[in-house]
Every structure is written in C-alpha cells, then in structure tokens.
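What follows is the residue order along each chain.
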Amino acid sequence: MKNVIRSVKGTRDFYPNEMSVRHWLLDAMRDVSLQFGYQEYDGPCVEKIDLYAAKSGEELVKEQSFVFPDRGGELIALRPELTPTLARMIANKQNELIYPLRWWSFGPFWRYERPQRGRSREFFQWNVDLIGTSNVESDAEAVAVAAMFFERVGLKSDKIKIVVNNRRLMDKSLDKIGVPESGRPAVFRLIDKIDKMSTEKWEAYALEIGLTNKQLEGLKTVLSNQSLWEESEELRSFFKAVAWLGVEEYVRFEPQVIRGLDYYTGTVFEGRDEARKFRAIFGGGHYDNLVADVGGNPLPGVGFAMGDVVIQLLLEENGCIPGDVMNPANVLVTVFDENTISESYRTSTLLREAGLKVVTYPQVEKLGKQFKFADKMGIRVVVMAGPEELAVGKVAIKNLLTREQESVGIEQAADFIRSLLAQEIAL
RNA sequence: GUGCCUGUAGCUCAAUGGCAGAGCGCCUCACUGUGGAUGAGGAGGUUGAGGGUUCGAAACCCUUCAGGCACCCCA
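Cut-offs applied
Residues numbered from 1 in each chain as written. Chains lettered and ligands numbered in written order. Predicted model: local features only at pLDDT ≥ 70, side-chain atom pairs only at ≥ 80, totals over all residues. Heavy atoms only, no water. Domains from an automatic or database assignment. Buried < 20%, exposed > 50% of the residue type's maximum accessible area, 1.4 Å probe, protein only. Helix = DSSP H or I, 4+ residues; strand = E, 2+ residues; numbered from the N terminus. Pairing = 2+ DSSP bridges. Axes fitted to C-alpha atoms, helices over the stretch in contact; angles between N-to-C directions. Parallel < 35°, antiparallel > 145°, perpendicular 65-115°, else oblique. Left-handed = near helix turned anticlockwise from the far one by under 90°. Contact = heavy atoms within 4.5 Å. Nonpolar A, V, L, I, M, F, W, Y, C, P; charged D, E, K, R; others polar. Salt bridge = Lys/Arg side-chain N within 4 Å of Asp/Glu carboxyl O.

Each assigned domain of chain A is listed with its residue range as follows: domain 1 (16–317) and domain 2 (327–426). Placing a centre on the C-alpha atoms of domain 1 and another on those of domain 2 gives a separation of 50 Å.

Okay, here's the thing in structure tokens:
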C-alpha cells in the first residue's frame with residue numbers, strides 16, 4: 001500500500017462491484033431514454049477551449065476545466081459538460097437532421113474542483129436534450145423523462161422532487177420591483193443563496209449588492225409566493241402538460257430555483273432530495289440560442305444533465321440498488337475429483353447453452369470451500385456432478401437460499417434451475 | 001482556488017509523549033460429498049508519505065498527499 005502509485009485526485013476506481021452498479025444505473029437511464037424515443041449519441045471527450053468560451057458560464061471554463069496545450073500549442077479542454085458539444089454537432093449538420101430531435105448520452109466528464117461528497121473531478125453524466133421546439137410541453141417532457149427515471153429506480157415522489165421555475169417569469173417579477181437588467185446576474189446569485197444563508201446574512205448581502213430596502217421587500221414577497229407561477233402563461237401550460245404526462249406528483253413550482261448556467265432562457269428545473277441532504281441531483285432548462293453561439297442558426301431546445309455521483313449516494317441511502325446486480329452468475333458447477341472434472345465442464349457448457357450464467361469451479365477442492373465461494377459470490381444455485389450422480393445420469397442441484405437439494409436428470413437440469421431462480425425472484 | 005477538520009490491520013475504531021490493540025472480516029482446522037452457526041488456532045502494521053523536536057513520537061512542529069465540512073461553483 002505504501003509504494004503503490006496513487007490514483008489522480010478526485011478520480012474513482014470502478015472495481016467489479018462498483019462497475020455493476022454503474023451499469024445498472026446506465027441501464028435505467030437508457031431504458032427511460034428509449035421509452036421516450038430518444039436516440040443515443042456521443043461526442044469527443046476533448047474539445048477546443050473556444051467551444052466553451054462561446055458560452056457555458058465564465059467560471060466553468062476558466063476555473064473549473066482541465067485545460068492544456070496540445071503539442072501544436074492549441075488549448076484543449078477535457079469536456080466539463082456536453083451541451084456545447086451537442087450544439088456544435090447540431091450546427092455541423094443543421095440542415096440534414098430531423099427535428100424535433102431527441103438525443104441522449106452517458107459518458108465521462110471532468111471538472112477541476114475540490115472533491116467533496118457528491119462531487120469528484122471525474123464523473124459520469126446522463127444528458128437528455130429535445131431540440132427544435134420551443135413550446136413548454138417539450139420542457140414538461142424533459143422533466144417527465146427525469147421523473148420516469150426516478151420512478152424506475154425506485155425513488156418515489158416522497159423522496160425526491162423536481163422543482164421548477166421560469167427565468168422569464170423571474171425577469172418580469174424583477175422588472176416589477178424595479179431591479180434593472182444590469183443587476184440581474186447578481187440578484188439571481190442572491191436568489192440562489194437564500195437557502196444557504198441565515199435571513200439576516202442574506203438580507204445584508206442583498207443590500208450589499210445594491211438592492212434598496214423596498215426592492216428587498218419586493219424580492220422577499222416574490223420568493224415566498226408559491227402561486228407566482230399562475231402569473232406565467234408558460235408555467236400554467238407547463239404544469240398542465242406535466243399532468244398529462246402523469247408525473248405531477250414529482251413536480252412543483254419553486255420561485256427560488258434559478259440555475260447557474262447562463263444559457264437557460266425559459267423554464268429551469270432541478271432535482272432535489274426531499275431531505276435536502278444532498279446537492280442538486282440534476283439540473284436543466286430551456287434554451288433559445290445555444291446553437292447560434294457556435295455558429296449555427298438559432299434553434300430552441302430543452303435539456304438536462306444528471307451526474308452519477310449524487311444520484312448514487314441517494315440511491316444507496318434509500319436502499320434502491322438491488323443486491324443482486326453485483327452477482328456475476330446464477331449457477332456454480334462444482335468439481336469433485338480429477339476423474340469427473342471433464343463432466344463438470346460438460347455440464348457447465350450444457351447449462352450455458354440453455355441460457356444460464358454458469359461458473360465452473362476451476363480446480364479440485366473440498367466441496368465446503370466451493371460452496372463458500374458460491375455463497376460469497378452471491379451465486380444461489382450449486383450443481384454437483386459427482387460419481388454417484390453421474391452413474392445414474394443425474395446431477396445434484398442445491399438451492400443455497402432454501403438449503404434444499406435434489407437429484408435431477410442432466411437433460412432436465414436447466415429447466416429445474418430456471419424454476420428455482422424464478423422462485424427467488426418471486427420471493 | 002480559500003478556510004477548517006481528519007488520516008492507525010481489508011473495514012470500523014482504541015491507545016490522552018513510554019511494549020501498536022480490539023471488534024468485524026480473512027486463512028487453517030474440528031468437517032475425506034455440502035455454504036451462513038459454534039469452537040480452537042493463525043496471518044495481517046514503515047500508524048498516508050517525507051522531514052524535525054525528544055532519551056523516547058501514532059500522538060508535538062513543518063512540508064506534502066488524500067479524504068471530508070463550509071465557501072466558490074455545479075452533476
């Protein structure tokens with residue numbers, strides 16, 4: 001341990017157990033994406049820095065990206081997010097793509113930040129985008145994709161909520177209380193902080209960034225008005241569509257939601273655990289002009305991104321990750337002695353051909369040890385092909401859960417095992 | 001990038017400047033055709049790394065690395 005070269009700060013090793021959880025998560029994301037007819041895509045993991053300079057929020061690129069010169073001296077960034085790549089890919093083929101397009105992706109991203117719980121320097125992200133329509137029903141669909149994912153992985157709406165706001169509504173509301181456009185970014189940042197600071201500190205901060213007492217009072221009224229959404233045509237239609245999509249129990253209006261990224265223009269939303277124990281689980285929103293920023297014609301769209309780190313913490317905390325996702329096989333075939341080892345391998349082959357996942361114990365060893373191995377690997381069925389069984393053309397099949405054992409003809413073994421496995425699922 | 005906290009066996013943690021330990025886990029045996037229990041035995045440590053103070057350092061000091069908390073930002 002002392003002389004092993006350390007891994008890079010903020011990266012994670014995926015041993016088989018972690019890898020199987022990652023795949024389970026990816027499977028859920030893929031299934032839900034496909035349910036809504038989204039197509040998978042991906043871009044390169046490295047991009048020219050200029051791509052991000054175009055938008056993406058200043059800090060994300062300047063302070064939080066892995067940037068380095070390539071051998072020709074050009075500045076390259078490890079992608080900190082996917083949306084600019086998506087915009088570039090669309091701009092390149094803008095006239096041949098079929099709209100509205102629904103694309104999804106899952107891959108690695110990098111941000112040069114100080115690692116903490118729920119935040120690493122290398123992480124995976126699920127990206128879902130619907131591009132080429134600007135109506136709020138599309139925004140509702142994006143939210144529904146996320147909600148269906150939560151349902152699929154067993155996070156019910158008492159554990160998680162998708163909170164929604166609308167930037168145009170907030171702009172209008174800030175207009176009304178007399179906050180000039182030039183002061184908006186600072187006020188948005190202020191709104192974003194309201195949960196993190198004490199009331200006194202927050203108010204002091206508000207005055208510090210130049211709000212008058214009257215504006216502050218107005219802002220407090222706006223932020224505590226849970227029915228403010230009714231003033232927004234867009235949000236009224238949005239919530240109607242959310243109900244059509246059957247996910248209304250996951251979704252609620254929240255005037256304090258702003259989202260950091262500069263490119264959002266309309267609906268914005270994020271996923272939160274109800275206990276507020278973790279940072280945002282995913283975030284997204286509507287944008288009008290992303291493609292235009294990289295040289296294409298303006299195209300509206302809506303999208304969100306979900307990192308793998310926080311959602312995994314939440315899934316673990318709520319016991320949503322099935323224990324058997326880590327099990328490599330459902331059957332172990334033991335070996336009895338040197339004379340019958342060939343029959344063990346033949347039996348394994350037979351069972352594999354019947355569609356089972358089968359491990360053959362690789363050497364002659366005490367049966368107890370082979371059983372222990374099966375137990376520790378989460379294998380629930382052990383098949384023994386010893387001299388006694390082979391003499392009568394049978395194998396002994398033991399269910400490790402019930403401790404029941406039975407001798408079965410070799411031809412019937414696969415069906416018998418399948419019925420055992422089916423029972424376990426029923427339990 | 002800023003401030004603070006932590007780092008001891010595979011894991012969770014003790015040892016308050018004086019012999020580096022426990023529980024769990026792991027291995028072996030009781031058990032020559034059967035896993036979780038029980039009992040007996042065993043392995044496993046440069047106390048994250050490097051330096052300093054001291055007769056003596058896991059402990060105190062400095063540096064560094066990693067993780068965590070709060071910022072920052074965000075997945």
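With that out of the way, let us pick up the pairing of strand S11 (residues 301–307). Counting buried residues in S11 gives five out of seven residues, a clear majority hidden from the surface. Judged from the seven bridges that link them, strand S6 (residues 122–131) and S11 form a sheet pairing that is antiparallel. Pairing of Asn127 across the sheet is with Ala305, part of S11. When strand S10 (residues 282–287) meets S11, the two strands line up antiparallel, connected through six bridges. Across the sheet, the residue bridging to Phe282 is Met306, located in S11.

A separate point is the sheet that holds strand S15 (residues 394–399). Here we have five strands laid out as an open sheet, ordered S13-S12-S14-S15-S16, and mixed in their pairing. A single partner strand is all that each edge strand has here, and the edge strands are strand S13 (358–360) and strand S16 (404–409). Direction aside, neighbouring strands of the sheet carry axes that sit 25 degrees apart on average. Bridging between strand S12 (residues 331–333) and S13 involves three bridges; their strand directions are parallel. Bridged to Val331 within S13 is Val358.

This paragraph deals with unusual backbone geometry. For residues besides glycine, phi is generally negative; the peptide bonds are generally trans as well. Going from Tyr99 to Pro100, the amide bond is cis rather than trans, its omega being -5 degrees. When you line up the elements, Pro100 lands in the loop between helix H4 (83–92) and strand S5 (101–110). In this model, Arg276 sits at a positive phi of 55 degrees, which is unusual for a non-glycine residue. Of note, Arg276 is situated in the loop between strand S9 (267–273) and S10. Look at Arg276 and you get partly exposed, because its relative accessible area is 44%. Unlike most non-glycine residues, Arg403 shows phi in positive territory, near 65 degrees.

This brings us to the packing of helix H5 (residues 136–152) against helix H10 (residues 233–244). Two elements in contact, H5 and H10, have axes separated by 8 Å at closest approach and are oriented at 45 degrees. In terms of orientation, H5 and H10 fall into the oblique class. H10 is crossed by H5, and the crossing has right-handed handedness. Where H5 approaches H10, its residues Val136, Glu137, Asp139, Ala140 and Val143 are matched on the opposing element by Glu234, Ser237, Phe238, Ala241, Val242 and Trp244. Residues belonging to the contact of H5 with H10 are distributed by class as follows: seven nonpolar, one polar and three charged.

In the structure shown here, the tally under the stated rule is 27 salt bridges. Of the charged contacts, one joins Lys176 and Glu231 as a salt bridge, the two residues approaching to 3.5 Å between their closest N and O atoms. Of this pair, Lys176 sits in helix H6 (residues 167–176) while Glu231 sits in the loop between helix H9 (213–224) and H10, and the two are 55 residues apart along the sequence. Judged by its relative accessible area of 37%, Glu231 is partly exposed. Three or more residues are tied together by salt bridges with common partners; here these are Glu254, Arg259, Glu270 and Arg272.

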